Amino acid sequence: FYGPTFGETVHKAIAHVVLGQAPDAPAAVGMAVTLTGLDRNVEHAVEDVLRAHRALSDAGLLPDPGTTVRLEYPVALAEGGKILGGYIDFLALRADTLHLLDFKTDPPPAGDPGATYPAYVDQVRTYARILAAVPALAGLTPRLGLLFTGDGRIREVAP
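How each quantity is defined
Residues numbered from 1 in each chain as written. Predicted model: local features only at pLDDT ≥ 70, side-chain atom pairs only at ≥ 80, totals over all residues. Heavy atoms only, no water. Axes fitted to C-alpha atoms, helices over the stretch in contact; angles between N-to-C directions. Helix = DSSP H or I, 4+ residues; strand = E, 2+ residues; numbered from the N terminus. Parallel < 35°, antiparallel > 145°, perpendicular 65-115°, else oblique. Left-handed = near helix turned anticlockwise from the far one by under 90°. Contact = heavy atoms within 4.5 Å. Nonpolar A, V, L, I, M, F, W, Y, C, P; charged D, E, K, R; others polar. Pairing = 2+ DSSP bridges. Phe/Tyr/Trp six-rings, centres within 6.5 Å; stacked < 30°, edge-to-face > 60°. Buried < 20%, exposed > 50% of the residue type's maximum accessible area, 1.4 Å probe, protein only. Lys NZ or Arg CZ within 6 Å of the ring centre and 35° of its normal. Expected span 1.5 Å × (residues − 1).

**With respect to the packing of helix H1 (residues 4-18) against helix H2 (residues 25-36)**
Inference 1: Their axes nearest at 8 Å, the elements H1 and H2 cross at an angle of 130°. Classified by the interaxial angle, the pair formed by H1 and H2 is oblique. The chirality of how H1 crosses H2 is right-handed. Here Thr5, Glu8, Thr9, Lys12, Ala13, His16 and Val17 of H1 come into contact with H2, specifically with Ala25, Ala28, Val29, Met31, Ala32, Val33, Leu35 and Thr36.
Inference 2: Taken together, the residues of the contact of H1 with H2 sort by class into 9 nonpolar, 4 polar and 2 charged.

**A word on the sheet that holds strand E2 (residues 82-94)**
Inference 1: Strands sit in the order E1-E2-E3-E4-E5 across an open sheet of 5 strands; the sheet is mixed. Among the strands making up the open sheet, the edge pair consists of strand E1 (67-79) and strand E5 (153-157). Averaged over all pairs of adjacent strands, the angle between their axes in this sheet comes to 35°, without regard to strand direction.
Inference 2: Across 5 bridges, E2 lies against strand E3 (residues 97-104) in antiparallel orientation.

**Some words on unusual backbone geometry**
Among all residues except glycine, the phi angle is most often negative; among peptide bonds, the trans geometry is most common.
Inference 1: Positive phi, close to 60°, is recorded for asparagine 41, a residue that is not glycine.
Inference 2: Tracing the backbone shows asparagine 41 in the loop between H2 and helix H3 (42-58).
Inference 3: Although it is not a glycine, alanine 95 adopts a positive phi angle of roughly 55°.
Inference 4: Along the polypeptide, alanine 95 turns up in the loop between E2 and E3.

**Regarding the pairing of E1**
Inference 1: As judged from the 12 bridges shared by E1 and E2, these two strands associate in the antiparallel manner. When the sheet's bridge partners are listed, leucine 71 is paired in E2 with phenylalanine 90.
Inference 2: The loop that links E1 with its antiparallel partner E2 comprises 2 residues; one of these, glycine 80, has a positive phi angle of about 60°.

**Focus on the packing of aromatic side chains**
Inference 1: Counted by the stated rule, this structure contains 4 aromatic pairs.
Inference 2: With 5.0 Å between their ring centres and 20° between their planes, tyrosine 117 and tyrosine 120 make a pair best called stacked. Of the two residues, tyrosine 117 and tyrosine 120, neither departs from the other in class, the shared state being buried.
Inference 3: A connected cluster of aromatic rings, assembled from ring pairs, spans Tyr117, Tyr120 and Phe148.
Inference 4: The ring of tyrosine 120 carries lysine 104 above its face, with NZ or CZ at 3.7 Å from the centroid.

**Observations concerning helix H5 (residues 118-132)**
Inference 1: Look at H5: 21 Å from first C-alpha to last across 15 residues, which is about the 21 Å you get at 1.5 Å a residue.
Inference 2: On its buried face, H5 is in contact with E1, E2, E3, helix H4 (113-116), strand E4 (141-148) and E5.

Structure, rendered in structure tokens:
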């Protein structure tokens, strides 16, 4: 919505807040801006980070003794002569459930995210397929979603 630098800033700032590297969203965005160089829409980035953090908190996905969280988690898999890979924005392991979320700073969809953003839905499904090939994760229930920072809502994606 505001471009790749905005998105990168929001992603980094969410990580700073979630991992406790910054005391609040404004400080987290300030830290991220020093890395990304974002020079406009900074107040919107703070609002997006606040909404994303609230959504993760409301979903019970912030790090605690029962929840292990990883951000920007690298994954790769050789499949059909190709290497599939990328970075999962957010992973949380809680009990026997593996929560996989991708953060999106695009305008939130009015309805089904698959109708508006089919590539994003495919992306999280591909990440889930890659993780399913990891023996240590066998037997975990996957929960996939897209967290749109513009409204702070997680849209569930069927595996």
